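# Inside the fold
Residues per chain are reported as follows:
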Amino acid sequence: QVQLVESGGGLVQPGGSLRLSCAASGSIFKINVMGWYRQAPGKQREVVAVITSGGGTNIADSVKDRFTISRDSAKNTLYLQMNSLKPEDTAVYYCWASVLTLTPRRTGDFWGQGTQVTVSS
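The next point concerns the packing of aromatic side chains. On inspection of all chains with the given rule, the structure shows two aromatic pairs. For the pair Tyr 37 and Trp 96, a centre-to-centre distance of 6.1 Å together with 75 degrees between the ring planes defines the contact as edge-to-face. Pair noted here: Tyr 37 is in strand S4 (residues 28-39) and Trp 96 is in strand S9 (residues 91-101), with a separation of 59 residues, a long-range link. Classification of Trp 96 by relative accessible area gives buried; the value is 12%. Between the aromatic rings of Tyr 37 and Trp 111, the centroid separation amounts to 5.0 Å while the plane-to-plane angle is 65 degrees, which identifies the pairing as edge-to-face. Residue Tyr 37 is located in strand S4, and its partner Trp 111 is located in strand S10 (residues 107-111); the two are separated by 74 residues in the primary sequence. Pairwise contacts between aromatic rings join Tyr 37, Trp 96 and Trp 111 into one cluster. Positioned above the aromatic ring of Tyr 79, the side-chain terminus of Arg 19 is 4.1 Å from the ring centre. Of note, Arg 45 hangs over the ring of Trp 111, and the distance from its end group to the ring centre comes to 4.7 Å.

This part covers the state of the cysteines. All chains considered together, the criterion is met by one disulfide. Paired by a disulfide, Cys 22 and Cys 95 hold their sulfur atoms 2.0 Å apart. Judged by the sign of its S-S torsion, about -80 degrees, the cystine formed by Cys 22 and Cys 95 is left-handed. Here the residue Cys 22 occupies a position in strand S3 (residues 18-26), and Cys 95 occupies one in strand S9, the gap between them amounting to 73 residues. Using a relative accessible area of 0% as the deciding quantity, one classes Cys 95 as buried.

Turning our attention to the nonpolar core. Among the nonpolar cores identified, the biggest contains 32 residues, and Trp 36, Leu 80, Met 82 and Tyr 93 are the most heavily contacted of them. Those elements giving two or more residues to this core turn out to be strand S1 (2-7), S3, S4, strand S5 (46-51), strand S7 (67-72), strand S8 (77-82), S9 and strand S11 (115-119). In terms of residue count, S9 provides more of this core than any other element does, five residues in total. Dropping the residues within four chain positions of it, Leu 80 is found in contact with Leu 18, Arg 19, Leu 20, Trp 36, Val 48, Ala 49, Phe 67, Thr 68, Ile 69 and Tyr 93.

Turning next to the side chain of Thr 90. Tracing the sequence through the fold places Thr 90 in the loop between S8 and S9. A polar side-chain atom of Thr 90 sits 2.9 Å from the main-chain amide nitrogen of Val 119. Setting aside chain neighbours within four positions, we find Thr 90 in contact with Ala 40, Gln 116, Val 117, Thr 118 and Val 119.

This part covers the pattern of salt bridges. Per the stated rule, a full pass over the model turns up four salt bridges. A salt bridge links Glu 46 to Arg 38, with the shortest nitrogen-to-oxygen separation between them at 2.7 Å. With a relative accessible area of 37%, Glu 46 lands in the partly exposed category. Among the residues examined, Arg 38 registers a relative accessible area of 6% and is labelled buried.

This part covers the sheet that holds S1. Paired through backbone hydrogen bonds, the strands of a sheet run either parallel or antiparallel to each other. What the four strands build is an open sheet, ordered S1-S3-S8-S7; its pairing is antiparallel. Of all the strands in the sheet, just S1 and S7 have a single pairing partner and so form its edges. Within the sheet, the average angular offset between the axes of one strand and its neighbour, ignoring direction, is 15 degrees. Sheet analysis places S3 next to S8, joined by six bridges and oriented antiparallel. From the neighbouring strand, Ser 21 faces S8, where its bridge partner is Tyr 79.

Procedures and definitions
- Residues numbered from 1 in each chain as written.
- Predicted model: local features only at pLDDT ≥ 70, side-chain atom pairs only at ≥ 80, totals over all residues.
- Heavy atoms only, no water.
- Phe/Tyr/Trp six-rings, centres within 6.5 Å; stacked < 30°, edge-to-face > 60°.
- Helix = DSSP H or I, 4+ residues; strand = E, 2+ residues; numbered from the N terminus.
- Buried < 20%, exposed > 50% of the residue type's maximum accessible area, 1.4 Å probe, protein only.
- Lys NZ or Arg CZ within 6 Å of the ring centre and 35° of its normal.
- Disulfide = S-S within 2.5 Å.
- Core = buried A, V, L, I, M, F, W, Y, C linked by side-chain atoms within 4.5 Å.
- Contact = heavy atoms within 4.5 Å.
- Polar contact = N/O pair within 3.5 Å; in protein donor to acceptor, adjacent residues only side chain to side chain.
- Salt bridge = Lys/Arg side-chain N within 4 Å of Asp/Glu carboxyl O.
- Pairing = 2+ DSSP bridges.
- Axes fitted to C-alpha atoms, helices over the stretch in contact; angles between N-to-C directions.

In structure tokens, the structure reads:
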């Protein structure tokens, strides 16, 4: 129905930057909320940042001064700009979206496959 494809992960040194992207496609009538989650080895998945269709954002305290979430609604694409990366940011980052699908007309949650971010010297 709806596919979310992340890109932009990789290996970066502490203090470096990465920009993640998530492209949504498929049976989309409207994307309500989009967000980024992450899961580190041995830990539960946690929310990093979310953004509404109106542009309102909510960012986890642990990354608030370093990460920025944005979206291009015309392209159905979500971004996460990550600066001043730390080793503790190492995780698999997942894109999530709450989507009102075209057919059938209903709202559902969709996830990407995840992209690895590793912060290490």
